[in-house]
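If you want the building blocks of each chain, they are given just below.
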Amino acid sequence: MLIIGSKGHAVEIFQCLSSYEREQTVFFDNITPDQSADLFGTYPVLRTLADARAYLANIDSRFILGLGGPGLRRRLAKEFRECGGQLTSVIAPTAVLGPFATLGPGLNIMQHTLVSPTATLGEGVLLNAGAAVHHDSIVGEYCEISPGARILGHCRLGQNCWVGAAAVILPSVTVGQDAVIGAGAIVTRSVEAGTTVVGIPARLMS
């Protein structure tokens, strides 16, 4: 299993894997200046795309996105698929998945999260620790839902949205693609694509 990234979120992803998968894990990081060969003194960190391509071709084709940011996650998914990789989901053992939920590929469903019945998560969604998506809501591709955020019933989020920590989106609200919801905001009405809203109730950031 190749985890893209070797810091912060990548380590949280590592924690979610089973013991067997952790034993087989390799990381990829060609950005962080720390050039140590192994993470925790045990797990290899690949530093070049050529090394990653060889790993995906010859050892294990699966990769997990271990970084945040909707645009970055989408770009890396495309890049590593082009290297022959298979975008793979990780679902923490403490996550609660409701019946009839629809789950796209490449999800990060982290510790103590809730995906309610008939909710839909698109490809590459990151549902961070303690977050919840309630019944009949649709979360578009590569959205990032930060820790403790709540998306209540019948909401619609376009692709690449970023919902800040502990924000709440009230029922039946639509959030346009590439929108940003500030931490702690309470969203009571629809949000235009590409805008940022903050506060209680949430308003356009001036």
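A.B. asks: What exactly am I supposed to notice about the side chain of S6 here?
C.D. replies: Relative to the helices and strands, S6 is located in the loop between β1 (2–4) and α1 (8–16). Among the polar contacts made by the side chain of S6, one reaches the side chain of D29 at a distance of 2.6 Å. Leaving out residues up to four positions away in the same chain, S6 has contacts with V11, F27, F28, D29, L39 and V45.

A.B. asks: Please clarify how the pattern of salt bridges should be interpreted in this entry.
C.D. replies: Between side chains of opposite charge, a pair can form as their charged atoms come close. On inspection of all chains with the given rule, the structure shows six salt bridges. Here E21 ties to R62 by a salt bridge, and the two come within 3.9 Å at their closest N and O atoms. Taken together, the positions of E21 in helix α2 (residues 19–23) and R62 in strand β5 (residues 62–65) put the pair 41 residues apart, joining distant regions of the chain. Look at E21 and you get partly exposed, because its relative accessible area is 24%. Note that R75 is salt-bridged to E79, the shortest N-O span being 3.4 Å. In this pair, R75 and E79 are both assigned in helix α4 (residues 70–82), four residues apart and thus about one turn of the helix distant. The class of R75 is partly exposed, set by a relative accessible area of 47%.

A.B. asks: So what exactly am I meant to see when it comes to the sheet that holds strand β7 (residues 90–91) here?
C.D. replies: Two strands in a sheet stick together by hydrogen bonds in their backbones, pointing the same way (parallel) or opposite ways (antiparallel). Read from one edge to the other, the open sheet built from eight strands follows the order β7-β10-β13-β16-β19-β22-β24-β25, with strand pairing classed as mixed. Both edges of this open sheet fall to β7 and β25 (203–204), since each of them pairs with a single strand only. Judged from the two bridges that link them, strand β24 (residues 196–198) and β25 form a sheet pairing that is antiparallel. Along β25, the bridge assignment pairs V197 with L204.

The rules behind the values
- Residues numbered from 1 in each chain as written.
- Predicted model: local features only at pLDDT ≥ 70, side-chain atom pairs only at ≥ 80, totals over all residues.
- Heavy atoms only, no water.
- Helix = DSSP H or I, 4+ residues; strand = E, 2+ residues; numbered from the N terminus.
- Polar contact = N/O pair within 3.5 Å; in protein donor to acceptor, adjacent residues only side chain to side chain.
- Contact = heavy atoms within 4.5 Å.
- Salt bridge = Lys/Arg side-chain N within 4 Å of Asp/Glu carboxyl O.
- Buried < 20%, exposed > 50% of the residue type's maximum accessible area, 1.4 Å probe, protein only.
- Pairing = 2+ DSSP bridges.

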